[in-house]
Amino acid sequence: MSSSSHSSANAPIHSLKPFTLFYDGACPLCLAEITFLKSRNQAGLLSFVDINSANYDPQAVGVSCKEALAKMYGQVEGETPINGVAVFGEAYRRADLKILAWIFTRPWMMPILKPSYWFFAKYRHGISSLLGPCLLRFVRKRYPTID
C-alpha cells in the first residue's frame, strides 16, 4: 500500500489532493462504480478518465492502455500512479465514504481484498456482462443527473 493511501485514510477530506481514476468506459460494472463515485464527488476531489477515450494519454500517465485494462489505476495529483485495491481506498476517501475508505486501507484486510480484486480484475468482463448492465441501470436511475 502506498504511503498516501495509508495516510489519507485518516486525513480530513479538505486536506486531500485531487485524485484521478482511470477506468474502462466499455465495462458496465466499471461505469456503475464511476457513476456512483461521481454522485459522491461533492468535494470535487475526484476526476475520471476513460482509458478508451482520447482524454487518456498513456505516456503522460506512465501506464499503457493494456496495463490500465488489466487493473484499475488512479493517481493522486503530482504522485506516481497506483493500482488495484489502493485505488479504491483513495477514491472512497475523496467521495466521503468513510467506512469503505477505512476498510480498503486496513492492512489486515489485504489478504481478503487483494485476492478478491485479482479475481475480479481477471474475470471482469464475464462478471460485468452478468451484473454490470443491471447495476448500471440501477445507478443511472438512482443518479439520473450524473453523466
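Residues numbered from 1 in each chain as written. Predicted model: local features only at pLDDT ≥ 70, side-chain atom pairs only at ≥ 80, totals over all residues. Heavy atoms only, no water.

**So, helix 5 (residues 85–94)**
For the α-helix, the turn length of 3.6 residues means that residues three or four positions removed from each other point alike.
Point 1. Of all 10 residues that make up helix 5, 10 are buried, and the element is covered over most of its length.
Point 2. Looking one or two residues past helix 5, Asp96 carries a phi angle of roughly 60°, positive in sign. (Buried < 20%, exposed > 50% of the residue type's maximum accessible area, 1.4 Å probe, protein only. Helix = DSSP H or I, 4+ residues; strand = E, 2+ residues; numbered from the N terminus.)

**Some remarks on the sheet that holds strand 4 (residues 82–83)**
Point 1. Taking strand neighbours across the sheet as the criterion, the four strands line up as 2-1-3-4 in an open arrangement whose pairing is mixed. Looking at the sheet topology across the chains shown, the edges are occupied by strand 2 (46–50) and strand 4.
Point 2. Where strand 3 (residues 73–76) meets strand 4, two bridges bridge the pair, whose relative direction is antiparallel. Within strand 4, the position partnered with Tyr73 by the bridge is Asn83. (Pairing = 2+ DSSP bridges.)

**Observations regarding the pattern of salt bridges**
Point 1. Going through the model one piece at a time under the given rule, you end up with four salt bridges.
Point 2. A salt bridge links Asp96 to Lys98; its shortest N-O distance comes to 3.0 Å. (Salt bridge = Lys/Arg side-chain N within 4 Å of Asp/Glu carboxyl O.)

**Here we look at the packing of aromatic side chains**
Point 1. Applying the stated rule across the entire model yields nine aromatic pairs.
Point 2. Taken together, a centroid distance of 6.0 Å and an interplanar angle of 40° make the contact between Phe88 and Tyr92 tilted. Of this pair, Phe88 and Tyr92 both sit in helix 5, four residues apart, roughly one helical turn.
Point 3. Between Phe88 and Phe104, the ring centres sit 5.9 Å apart and the planes meet at 50°, which makes this aromatic pair tilted. (Phe/Tyr/Trp six-rings, centres within 6.5 Å; stacked < 30°, edge-to-face > 60°.)

**What to know about unusual backbone geometry**
Point 1. Phi is positive for Asp96, which is not a glycine, with a value near 60°.
Point 2. Note that Asp96 resides in the loop between helix 5 and helix 6 (98–103).
Point 3. On the accessibility criterion, Asp96 (33% relative accessible area) is partly exposed.

**Examining the side chain of Asp24**
Point 1. Note that Asp24 resides in the loop between strand 1 (19–23) and helix 2 (28–39).
Point 2. Here Asn52 takes part through its side chain, which lies 2.7 Å from a polar atom of the side chain of Asp24.
Point 3. Once residues within four sequence positions are removed from consideration, Asp24 is found in contact with Cys30, Asp50, Ile51, Asn52, Leu69, Arg124 and His125. (Polar contact = N/O pair within 3.5 Å; in protein donor to acceptor, adjacent residues only side chain to side chain. Contact = heavy atoms within 4.5 Å.)

**Concerning the pairing of strand 2**
Point 1. Of all five residues in strand 2, four are buried; the element is thus mostly enclosed.
Point 2. Pairing analysis gives five bridges linking strand 1 to strand 2, with the strands arranged parallel. From the neighbouring strand, Leu21 faces strand 2, where its bridge partner is Phe48.

**Here we look at the pairing of strand 1**
Point 1. Taken across its five residues, strand 1 has five buried, putting it largely inside the fold.
Point 2. The two faces of strand 1 match: Phe19, Leu21 and Tyr23 on one face and Thr20 and Phe22 on the other face are all buried.
Point 3. Once you follow strand 1 into helix 2 and on to strand 2, the crossover reads as right-handed. (Right-handed = clockwise from strand over helix to strand, strands pointing away.)

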